[in-house]
Amino acid sequence: FAVSGDTIHAAPGDYNDGAMTQTAKIAVDKNGSPSRIVVPAGGTLEATDGPDVTFITGSATEQGTDGVRCVAAFAGATVRGFTMRNGATFATTGADHDNNLGGCALAPFATSRKATAFFEDCVFSGGKARTGGCVCGGYLYRCRISNGVGSAGCSLAYHSVLDHSIAAGNNNTGVRSHHGILSS
């Protein structure tokens, strides 16, 4: 477990086992869908050799009660150099929003870089969520986002800032289609 101020260096590989649930609010509510990794405020998670060889893989199933998001990151956290793929969230509706946002990654809604988590040189791919299929929140710098599914809309990024980043592969399945990116 990391605490604020810690830097964790990850070796190449596929981190695809285990899950934890955040115990404090990230975007809207606390105790959202489980995530492979939760990065605390002020913590840094860094891949030593980059996203081509370092993966965080969420659940391999469709969005549902057994969904596992790749990463949940608190404001002030940094995630650098990973491919986050095939994450999924619970298929819920109503006020329990953290359960259904950001299949690959969840961070606070991006109102400024300091108010959210920072993702650098990351790839987000194949995420499934009710909204923000690949990522919800976060400041994304030199990232690639692709092939997300948003069952209620917004398949790629929702309330995120994209800075020198590329987004492609919009796949909305809901009736409220918000295209690939909303409020980013």
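Analysis parameters
- Residues numbered from 1 in each chain as written.
- Predicted model: local features only at pLDDT ≥ 70, side-chain atom pairs only at ≥ 80, totals over all residues.
- Heavy atoms only, no water.
- Helix = DSSP H or I, 4+ residues; strand = E, 2+ residues; numbered from the N terminus.
- Buried < 20%, exposed > 50% of the residue type's maximum accessible area, 1.4 Å probe, protein only.
- Contact = heavy atoms within 4.5 Å.
- Areas by Shrake-Rupley, 256 points an atom, 1.4 Å probe, with all protein chains shown as cover.
- pLDDT = per-residue confidence, 0-100.
- Phe/Tyr/Trp six-rings, centres within 6.5 Å; stacked < 30°, edge-to-face > 60°.
- Lys NZ or Arg CZ within 6 Å of the ring centre and 35° of its normal.
- Pairing = 2+ DSSP bridges.
- Axes fitted to C-alpha atoms, helices over the stretch in contact; angles between N-to-C directions.
- Core = buried A, V, L, I, M, F, W, Y, C linked by side-chain atoms within 4.5 Å.
- Salt bridge = Lys/Arg side-chain N within 4 Å of Asp/Glu carboxyl O.

(A) Just the overall build of the protein, in detail. From N to C terminus, the protein includes zero helices and 20 strands. For the protein, with 184 residues in total, the buried portion stands at 53%. Across the protein, every contact between residues at least 6 apart in sequence was considered, and the portion connecting residues at least 24 apart equals 58%. Accessible surface, the protein as shown: approximately 7700 Å² in total, 52% of it carbon and sulfur.

(B) Broad picture of the confidence of the model for the protein. Looking at the protein, pLDDT values average 81 and 75% of them are 70 or higher. Across residues 174-180, confidence stays below pLDDT 50; counting only partners more than four residues off in sequence or on other chains, it has 22 contacts.

(C) Inspection of the packing of aromatic side chains at higher detail. Evaluated as defined, the whole model comprises four aromatic pairs. Both rings, one in Phe-118 and one in Tyr-141, keep their centres 6.3 Å apart while their planes meet at 20°; by these two values the pair is stacked. Placement of the pair is Phe-118 in strand β10 (residues 118-120) and Tyr-141 in strand β14 (residues 139-141), with a sequence separation of 23 residues. An aromatic cluster is built from Phe-118, Tyr-139 and Tyr-141, whose rings are joined through pairwise contacts. Above the ring of Phe-55, the side-chain terminus of Arg-85 is found at 4.1 Å from the ring centroid.

(D) Structural detail: the side chain of Thr-44. Among the secondary structure elements, Thr-44 is positioned in strand β4 (residues 44-47). Taking relative accessible area as the criterion, Thr-44 reaches 17% and is therefore assigned buried. Apart from residues lying up to four places away in sequence, Thr-44 is in contact with Asp-6, Thr-7, Ile-8, Val-39, Thr-78 and Arg-80.

(E) Layout of the sheet that holds β4. The six strands lie next to each other as β1-β4-β7-β10-β14-β18, forming an open sheet whose pairing is parallel. With partners counted over all chains shown, the strands left at the sheet margins are β1 (7-10) and β18 (161-163), one partner each. Taken pair by pair, the neighbouring strands of this sheet meet at an average axis angle of 15°, ignoring direction. In the sheet, strand β7 (residues 78-80) pairs with β10 via three bridges, with the strands oriented parallel. Note that in β10 the partner of Arg-80 across the bridge is Glu-120.

(F) Representation of the environment of Ala-168. Looking at the element boundaries, Ala-168 is found in strand β19 (residues 166-168). Ala-168 gets classed as partly exposed once you look at its relative accessible area, which sits at 39%. In this structure, the C-alpha to C-alpha distance between Ala-168 and Ser-125, residues 43 residues apart in sequence, is 9.8 Å. With residues near it in sequence (within four places) discarded, Ala-168 still touches Ile-145, Ser-146, Asn-147 and Leu-156.

(G) Inspection of the nonpolar core at higher detail. Counting 26 residues, the largest nonpolar core has Val-71, Val-79, Met-84, Phe-119 and Phe-124 as its most contacted members. Elements with a contribution of two residues or more to this core: β4 and β6 (69-73). Sorting elements by how many residues they give to this core places β6 first, with three residues. The residues touching Val-71, leaving out its near neighbours within four places in the chain, are Ser-35, Ile-37, Val-39, Ile-56, Val-79, Met-84, Cys-104, Ala-105, Leu-106 and Phe-119.

(H) A look at the pattern of salt bridges. Summed over the entire model, instances satisfying the criterion amount to five salt bridges. Between Asp-14 and Arg-85 there is a salt bridge, with the nearest N and O atoms lying 2.9 Å from each other. With Asp-14 in strand β2 (residues 13-15) and Arg-85 in strand β8 (residues 83-85), this pair connects stretches of sequence that are 71 residues apart. Through salt bridges with shared partners, a single network forms among Glu-46, Arg-80, Glu-120, Asp-121 and Arg-142.

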